[in-house]
Amino acid sequence: MAYLDHAATTPMLPEAVEAMTAQLTVVGNASSLHAAGRRARRTVEEARETLADALGARPSEVVLTSGGTEADNLAVKGLFWARRAADPARTRVLASPVEHHAVLDAVHWLGEHEGATVEYLAVDAYGRVHPETLRAAIERNPGDVALVTVMWANNEIGTVMPVRELADVAAEFHVPLHADAVQAFGQLPVDFGPSGLAAMTVSGHKVGGPYGIGALLLGREYSPVPVLHGGGQERHVRSGTLDVPAVAAFAVAGRIAAERREWFAQEIGGLRDELIAAVRAAAPDALLGGDPAPAGPDTLGRLPANAHFTFPGCEGDSLLLLLDAQGIECSTGSACTAGVAQPSHVLLATGTDPDLARGTLRFSLGHTTTRADIEAVAKAIGPAVERARSAGLS
Amino acid sequence: MTETPAAPQRRLRVLAAMSGGVDSAVAAARAAEAGHDVTGVHLALSANPQSFRTGARGCCTIEDSRDARRAADVIGIPFYVWDLAERFREDVVEDFVAEYEAGRTPNPCLRCNEKIKFAALLDKALALGFDAVATGHYAQVVTDADGNRELHRASDMAKDQSYVLGVLDDRQLEHAMFPLGDTVTTKDEIRAEAERRGLAVAKKPDSHDICFIADGDTQGFLANRLGKAEGDIVDESGTKLGTHEGAYGYTIGQRKGLRIGTPAPDGKPRYVLDISPVNNTVTVGPVEALDVTALTAIKPRWCGTAPAGPGAYTAQLRAHGGETPVRVAPADGTLHVTFTEPVRGVAPGQAIVLYDGTRVVGSATIATTERTTAAV
């Protein structure tokens, strides 16, 4: 088996499994005052400090959630509601059109049900939002912008956004910027403090932690209106009894992901480059999606673990089926509607022809990826593309 | 003729069409158990795949797609959803509407087998390297002494679905697999088998209706598509007896729902004898006038070589109909079929499937009928 779908989820790190199982047998609600509660709270707060450290944030800026989707919803809806409550004129939401559905659909919902005016920021052929685009959008009426949301790096095509420059522009106009950093965490330096972001989403299971846990990094001056009301945990922003085992394991995984980031970019990025070369050699007309440059100190580039291709004349689903039969597990990269693959909104936003956009594959590498996985792809991809092309587009 | 089971010795790559129902789930499970390399596929056939339906069952909903996926997961086979909605709309739904508009009575399931399951789906499957498409139909494919493929009725006549497969030609049959065809069993036993295999669809209700008509209201569907077109209901002499809101709403042999105020002079019930889209009239009359003695059918398709001359066969005229002896004379791309005994309720547009014993010989689409009484 060659598992090359780490952007969907990546195996839990043994250290995280250990931390989680150790907590599973311990009783204690972190909100309780007795000894068991205090012990649980200590575990949670240590985990919060660890995560803050891994993410260049203060512990109080870590709001634990049930995952990336919840953190995105809390940021987008919560900040919108809070900003509008403070100033009813602020109803404009600026978003990149290549966001994950957790952001995109939340923004769309605000437009449909909360009277928000949603504006999508133009992206270039790599799917990147340029700071001047954001500036022009805000300048049209700086007084009515509720928030801006632009992901740190794209989950499908891997393009990295100029988050710091975008945050500078937003800060100039005192507009909060949220970034979904679910894919960036562990692959790029995502220090929340220096980033200038108001809010940033991270997720546990994408960095070797468990499912069902994530966090919204939230600047202390921001108080989004809660999506979940209840016991007032997590700065009264996110109620709900904390999942102590998941929190503890997330912290361990997050710490290790941050520690190994440079190794990951070097080693896994190197394997990714080999994969791109192998695919291009076997299928010369394959188009690499996103920014072809590697991420570096001076270049934004692409995520080190992402390789996204479009194969003209092929159905992505056919390729998936053929590779799956060879034990290669990857993704088309786009969302499904009732299981039916739809052309990716990301590719459409970059100006890709809709028919072409149906023939995509995303390979995403991770901490368990080996050269044997790449060799398996190198061997299988040529015949698979040929066969999928003969089956055509239905 | 030596009949050997079609079940091949070698391991085949099989694409199992999974509707989300119990039959196709058990069929896929049996193919996998037989040692084949099976991949499940659910066909998304509805233009609006997000529509949830309650009560009625078919093959076009998220629930069905999920049921199929769940079954595939239990069987332990890969599963995909293929979007054939556009092809289905063109080849099945639009054809269905056009046929009714022309005063004929189509069978969309037959059309779907011909154009979708054993054409669009099969072609894609073959291109992707599969050897066969498996479905949950009750019919048998056997190989004769010369290695030719033959389609036969299911072992269990009560469950037989060879009628809706009668349109398949040699090439299609060569790649067709019906794992339920040799089952002599009741539906309850198939359900028990599904239960035993841990398939949650074991208790799912059967599908009866036309899958693309969500609420089962064919008249409403046609009215919506074709609009109201008032016309006359007349008797055999042409005397107006009432009005209708669209001739497409009637089927030859229909008795109920005619809403004619005046009773027939002899007090006997009246039946739809003819539908004329040209002058938008529906002709009604006594039951005897439905007796058909012969018919002409077009677009014959043969399972194997076409017969050289006239022959005697048995014929089936609708999905759950019985068999009737016929003489068939092929001529110039049409078939002239003579019934030994008159049959009732034969409508142009329906398929006639010819059998030699249990073997499907071929099929054709009924174009015109000849009646014992005054021709209408």
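Reading guide: rules and limits
Residues numbered from 1 in each chain as written. Chains lettered and ligands numbered in written order. Predicted model: local features only at pLDDT ≥ 70, side-chain atom pairs only at ≥ 80, totals over all residues. UniProt positions renumbered as here; feature names shortened; annotations may be inferred. Helix = DSSP H or I, 4+ residues; strand = E, 2+ residues; numbered from the N terminus. Expected span 1.5 Å × (residues − 1). Contact = placed C-beta atoms within 7 Å. Buried ≥ 20, exposed ≤ 12 C-beta atoms within 10 Å, placed from the backbone. Pairing = 2+ DSSP bridges. Nonpolar A, V, L, I, M, F, W, Y, C, P; charged D, E, K, R; others polar. Domains from an automatic or database assignment.

**A look at the UniProt feature "domain: tRNA-specific 2-thiouridylase MnmA-like central" (unreviewed entry) in chain B**
The feature "domain: tRNA-specific 2-thiouridylase MnmA-like central" (unreviewed entry), as annotated in UniProt, sits at residues 220-285 of chain B in this numbering. What you have in residues 220-285 of chain B is 11% helix and 30% strand, and the ends, taken at the C-alpha atoms, are 25 Å apart.

**Some thoughts on helix 2 (residues 62-75) of chain B**
Residue and element names in this part refer to chain B. Its 14 residues place the ends of helix 2 20 Å apart at the C-alpha level, agreeing with the 20 Å of an ideal helix rising 1.5 Å per residue. Buried positions along helix 2 lie against helix 1 (22-33), strand 3 (37-44) and strand 4 (79-83). Within two residues after helix 2, Gly76 carries a phi angle of roughly 90°, on the positive side.

**Quick notes on the pairing of strand 18 (residues 359-371) of chain B**
Residues and elements named next belong to chain B. Judged by how many residues are buried, strand 18 sits mostly within the fold: 10 of 13 residues are covered. For strand 17 (residues 351-356) and strand 18, the ladder comprises 6 bridges, and the chain directions are antiparallel. The residue of strand 18 that forms the bridge with Asp356 is Arg359. Between the end of strand 17 and the start of strand 18, which pair antiparallel, lie 2 residues, with Gly357 showing a positive phi angle near 70°.

**Notes on the interface of chain A and chain B**
Tallying the contact residues gives 13 residues for chain A and 18 residues for chain B. Of all the secondary structure elements, the ones that give two or more residues to the side of chain A that touches chain B are helix 10 (316-325) and helix 12 (371-391) of chain A. The leading source of residues in the side of chain A that touches chain B is helix 10 of chain A, at 5 residues. Of the residues belonging to the side of chain A that touches chain B, the class tally is 5 nonpolar, 5 polar and 3 charged.

**A few points about the pairing of strand 10 (residues 240-244) of chain B**
Residues and elements named next belong to chain B. Of the strand pairs in this sheet, strand 9 (residues 231-234) and strand 10 are connected by 4 bridges, and their pairing is antiparallel. Its bridge partner lying in strand 10, Asp232 is registered against Thr243. Connecting strand 9 to the antiparallel partner strand 10 that follows it, the hairpin turn spans 5 residues, and Gly238 within it adopts a positive phi of roughly 95°.

**Notes on the domain arrangement of chain B**
Residues and elements named next belong to chain B. In terms of domains, chain B is made up of domain 1 (4-203), domain 2 (228-289) and domain 3 (291-371). On a C-alpha basis, the centres of domain 1 and domain 3 stand 25 Å from each other. With 20 residues of domain 1 at the interface, the matching set in domain 3 holds 16 residues. Looking at the side of domain 1 that touches domain 3, the elements that each hand over two or more residues are strand 7 (149-153) and helix 5 (170-174). The element contributing the most residues to the side of domain 1 that touches domain 3 is strand 7, with 4 residues. Looking at the side of domain 1 that touches domain 3 residue by residue, the class counts come to 8 nonpolar, 6 polar and 6 charged.

**Focus: the domain arrangement of chain A**
Residue and element names in this part refer to chain A. Per the domain assignment, the segments of chain A are domain 1 (2-9 + 260-391) and domain 2 (14-258). Put simply, the middle of domain 1 and the middle of domain 2, counted by C-alpha atoms, are 27 Å apart. Opposite the 29 residues of domain 1 that make contact, domain 2 presents 28 residues. Those elements that provide at least two residues to the side of domain 1 that touches domain 2 are helix 9 (261-282), strand 10 (306-310) and helix 11 (345-349). The class makeup of the residues in the side of domain 1 that touches domain 2 is 11 nonpolar, 13 polar and 5 charged.

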